[in-house]
Amino acid sequence: MVRAAALAQVGKGRGIGDGMELLSSLILIFISAALINNFVLHYFVGICPFLGVSRRVDTAFGMGLAVIFVITIASFLSWTFTYFILRPEAPIPVWVWRVVGGSPETTVDLSVLSYIMYIFVIASSVQFVEMYVRKFFQPLYDSFGVFLPLITTNCAILFACLEIMKHLQDPTRLWGLGEALTLAIGGGVGFTIAISLMAGIRAELDLCDVPRSLKGAGIALIVAGIMAMAFMGFTGVDRGVERAITALVGG
């Protein structure tokens, strides 16, 4: 009985340790996607809506929320399709291959279809968001104009899907749904922060004497470059957070 209780206590300790390790991983993924490796200011993806819908803070914030919703839905569906169908040795195509009499030694890999699947998923998600916004938030829909359908071509969302696919290639280190959704939400929050900051700065620039040759996209790109350098100041935050969590768990 004493030994069983000791083993149960050890198992409980391992469970708590595994849970804290997962929590630490999720926090680091979120901070990295939102601040350190901001999709817009680090990888420079999603520039089209970033520049096109950053003239007013309320419109920019609404676009950010729409992107968070779309990128979360698209990432959930992309992880599901990739994990069960598209990745090498995914369970569903392997099962089908065995049923039709295929050789067990053959590696089943449908990852070549990833781009097609991801574009279909993103387009479907954007269509759903567009219908919802047009139905319940008509003024916001009118302010978005053509840029709401252009979320379909927002490469930040496709970038998130491809990042998820990259972490589903190694069978020994597969990302779970929690990591995928954390990356998506963190990337969406980072996009919202960047576009809202840009909208606030551009609102102030309207009151400034900007040279005619730099008005519009020119000064916006210069500001975006300065913001990207400013966000480089977050480099190393993840290591500090990781040490803090490690110390907390150790304590």
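The structure under discussion appears in the preceding block.
All of these numbers come straight from a predicted model, not from anything done at the bench.

Colleague: Can you help me understand the state of the cysteines in this one?
Modeller: Structurally, a disulfide amounts to a covalent bond that connects the sulfur atoms of two cysteines. Scanning all chains against the criterion turns up zero disulfides. Unpaired in terms of disulfides, Cys-155 finds its nearest cysteine sulfur in Cys-48, a separation of 8.7 Å. Judged by its relative accessible area of 36%, Cys-155 is partly exposed. A disulfide-free cysteine, Cys-161 has its sulfur positioned 12 Å from the sulfur of Cys-155, the nearest such atom. Owing to a relative accessible area of 0%, Cys-161 belongs among the buried residues under this scheme.

Colleague: Hey, could you run me through the side chain of Glu-130 in this one?
Modeller: If you trace the backbone, Glu-130 turns up in helix 5 (residues 114-136). It turns out Glu-130 is buried and unbridged, and the closest side chain with the opposite charge, Arg-134, is 4.7 Å from it. Excluding residues within four positions of it along the chain, Glu-130 makes contact with Tyr-141, Leu-148 and Pro-149.

Colleague: Got a minute to help me understand helix 9 (residues 217-231) in this structure?
Modeller: Along an α-helix, residues three or four apart share an orientation, since each turn contains 3.6 residues. Along its 15 residues, helix 9 runs 21 Å from first to last C-alpha, staying within 8% of the 21 Å computed at 1.5 Å per residue. Among the residues of helix 9, Ile-219, Ala-220, Val-223, Ala-224, Met-227, Ala-228 and Phe-231 are the ones counted as buried.

Conventions used here
- Residues numbered from 1 in each chain as written.
- Predicted model: local features only at pLDDT ≥ 70, side-chain atom pairs only at ≥ 80, totals over all residues.
- Heavy atoms only, no water.
- Disulfide = S-S within 2.5 Å.
- Buried < 20%, exposed > 50% of the residue type's maximum accessible area, 1.4 Å probe, protein only.
- Helix = DSSP H or I, 4+ residues; strand = E, 2+ residues; numbered from the N terminus.
- Lys, Arg positive; Asp, Glu negative; His and termini not counted.
- Salt bridge = Lys/Arg side-chain N within 4 Å of Asp/Glu carboxyl O.
- Contact = heavy atoms within 4.5 Å.
- Expected span 1.5 Å × (residues − 1).

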